[in-house]
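# Structural description and commentary
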Amino acid sequence: MKLVWREMLGWTILMAVLYAAFVWGLKGTEYENYYKTMFDLTKEVPMDGTLMFLMSYMTYNSLTRWSETFKCMAWPENVALIYRQYANKRAMKPGEARLMNQTIARYLAIFYILLFRDVCSDVREMFPTFDDMVQPGIMTADEANLLQSSRLDRNSPHYWIPIDWIVTLVKSKYQPTYVYNRKGQRVRNKKESIMTELEYLKFIGELNKFRGRLGDVLSYDWVPLPLALFQTLTVFVYSTLVVNCFQMQTRIITSGKSSVSEMFVECLSTLPFNMLHLAFLRISQVVINPFGSDDDDFETQYLIDRHIKVLNEILCPEETKKQK
């Protein structure tokens, strides 16, 4: 209701002004016939069918885009659970393994924050620069300098860089199953690897799939629905409301009653349909950008906090228990 009450109030005032102008200003004068003629011209205007078609088309496309964007927002549990399942603790010292888990959890959180910075103004305000992510402990100063010193433009997406860090980190602990000795013979590697070859391929594949799905979020942000469609629809809806006011005046005048009660009945019979048209227009405008500041937009700040907690619970359960 709060999305359409201004338009409905303006429509009601316009209808009352037109009615008052006829009854107390023009009725019984030489201009009465001109006024009636103007109303008659709008009587047969076919607006409702065309409007409902346009509203259905735009609302369907907007809601479909909203749902598809949400489906692209993969959550990090799969990556964290696969790493925890595959990681070989014997390949690292206990302290090193614990630091490895913390680092991967932090890199996944950085990945989400960098992605949301590119599509959501609220997250951009929270972390306007990379240095603002250092103070809360999300990123180290060296990592922030590494992002800033990259050859990418400052406004280019940096969200994929933490995924590359994870791949590099895991690769540094990976050992092939077989190696070649000095004699050129293929022998089994005695060094412990963080993952087997098959597990390593599955983990990298899951990372790539994870990055690809969330990368599609940027595609939806870069290529919005054409603005001309919404402008045309908005003009058409408001034009329909104005024409509808004149059509109602025609029904009131031709009824022969021309009373306040007749106007009240006409208003109540038409108001729900006009509210429905405006509601669909507002829905299309609101859901087209799910990363805005509206009530129905995605709660990106909550998602960031939620992902950080879940990642720490999966990869760093010891630290989580100490905090509790």
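Labelled according to an unreviewed UniProt entry, the chain appears under the name Bestrophin homolog, originating from Caenorhabditis tropicalis. Listed in UniProt under the heading Function (unreviewed entry), the comment for the chain reads: "Forms chloride channels." You can read under Sequence similarities (unreviewed entry) in the UniProt record for the chain the words "Belongs to the anion channel-forming bestrophin (TC 1.A.46) family. Calcium-sensitive chloride channel subfamily."

This part takes up the overall build of the chain. Tallying secondary structure elements over the chain gives 13 helices and two strands in all. Within the chain, the fraction of its 324 residues that count as buried is 41%. Within the chain, counting contacts between residues at least 6 apart in sequence, those at least 24 apart form 74% of the total.

What follows concerns the confidence of the model for the chain. Mean pLDDT over the chain stands at 81; residues scoring 70 or higher make up 84%. Per-element mean pLDDT across the chain ranges from 62 in helix 13 (residues 317-323) up to 92 in helix 4 (residues 77-86).

Let us look at the packing of helix 5 (residues 94-119) against helix 9 (residues 197-222). One can describe the packing of helix 5 onto helix 9 by two numbers: an axis separation of 9 Å at closest approach and a directional angle of 15°. Taken together, helix 5 and helix 9 sit at an angle that is classed as roughly parallel. Regarding helix 5 and helix 9, the two cross each other, and that crossing is right-handed. Across from Leu108, Phe111, Tyr112, Leu115, Asp118 and Val119 in helix 5, the residues of helix 9 making contact are Phe210, Arg211, Leu214, Val217, Leu218 and Asp221. Classifying every residue of the contact of helix 5 with helix 9 gives nine nonpolar, no polar and three charged.

With that settled, the discussion passes to a nonpolar patch on the surface. Residues Trp5, Leu9, Ile13 and Val17 make up a contiguous nonpolar surface patch of about 380 Å² in total accessible area. Along the chain, the position of Val17 falls in helix 1 (residues 5-26).

Now for helix 12 (residues 300-315). The terminal C-alpha atoms of helix 12, which comprises 16 residues, lie 22 Å apart, in line with the 22 Å expected from a rise of 1.5 Å per residue. Among all positions in helix 12, only Thr300, Leu303, Ile304, Arg306, His307, Val310, Leu311, Ile314 and Leu315 are buried. One side of helix 12 holds all its buried residues, which, seen down the axis, span an arc of 165°.

With that settled, the discussion passes to the packing of aromatic side chains. Inspection of the entire model under this criterion finds 13 aromatic pairs. Centre to centre, the rings of Trp66 and Phe70 are 6.3 Å apart; their planes meet at 5°, and the pair counts as stacked. Pair noted here: Trp66 and Phe70 are both in helix 3 (residues 48-72), with a separation of four residues, about one helical turn. Taken together, Trp66, Phe70, Phe111, Tyr112, Phe116, Tyr159, Phe210, Phe291 and Phe298 form an aromatic cluster joined through their ring pairs.

Turning our eyes to something else, we now look at the nonpolar core. Among the nonpolar cores identified, the biggest contains 58 residues, and Tyr83, Phe116, Val170, Phe203 and Phe210 are the most heavily contacted of them. Counting only elements with at least two residues in this core, the list comes to helix 4, helix 5, helix 7 (141-148), helix 8 (161-173), helix 9 and helix 12. Excluding residues that lie within four positions of it along the chain, Tyr83 makes contacts with Met92, Met100, Asn101, Ile104, Val170, Ile194, Met195, Phe203 and Leu315. Among the nonpolar cores identified, the runner-up in size contains 19 residues, and Met58, Phe230, Val237 and Phe246 belong to it.

Of note, Val123 is situated in helix 6 (residues 121-126). Looking at Val123, the relative accessible area reads 0%, which means it is buried. For the pair Val123 and Ile304, spaced 181 residues apart in sequence, the C-alpha to C-alpha distance is 9.4 Å. Dropping the residues within four chain positions of it, Val123 is found in contact with Ile113, Phe116, Arg117, Thr300 and Ile304.

A few words now on helix 7. Given 3.6 residues to a turn, an α-helix orients residues that are three or four positions apart in the same direction. Along helix 7, the positions that sit buried rather than exposed are Glu143, Ala144 and Leu147. Each buried residue of helix 7 lies within a common arc of 100° when the element is viewed along its axis, so the set occupies one face. Residues of helix 7 that are buried sit in contact with helix 5 and helix 8.

Tracing the backbone through its elements, the reader meets Asp164 in helix 8. What makes Asp164 partly exposed here is its relative accessible area of 38%. Asp164 sits 43 residues away from Leu207 along the chain, and the two C-alpha atoms are 9.4 Å apart.

What counts and what doesn't
Residues numbered from 1 in each chain as written. Predicted model: local features only at pLDDT ≥ 70, side-chain atom pairs only at ≥ 80, totals over all residues. Heavy atoms only, no water. UniProt positions renumbered as here; feature names shortened; annotations may be inferred. Helix = DSSP H or I, 4+ residues; strand = E, 2+ residues; numbered from the N terminus. Buried < 20%, exposed > 50% of the residue type's maximum accessible area, 1.4 Å probe, protein only. Contact = heavy atoms within 4.5 Å. pLDDT = per-residue confidence, 0-100. Axes fitted to C-alpha atoms, helices over the stretch in contact; angles between N-to-C directions. Parallel < 35°, antiparallel > 145°, perpendicular 65-115°, else oblique. Left-handed = near helix turned anticlockwise from the far one by under 90°. Nonpolar A, V, L, I, M, F, W, Y, C, P; charged D, E, K, R; others polar. Patch = residues over 30% accessible without salt bridge, like charges linked within 9 Å, V, L, I, M, F, W, Y side chains within 5 Å. Areas by Shrake-Rupley, 256 points an atom, 1.4 Å probe, with all protein chains shown as cover. Salt bridge = Lys/Arg side-chain N within 4 Å of Asp/Glu carboxyl O. Expected span 1.5 Å × (residues − 1). Arc of directions from axis to C-beta. Phe/Tyr/Trp six-rings, centres within 6.5 Å; stacked < 30°, edge-to-face > 60°. Core = buried A, V, L, I, M, F, W, Y, C linked by side-chain atoms within 4.5 Å.

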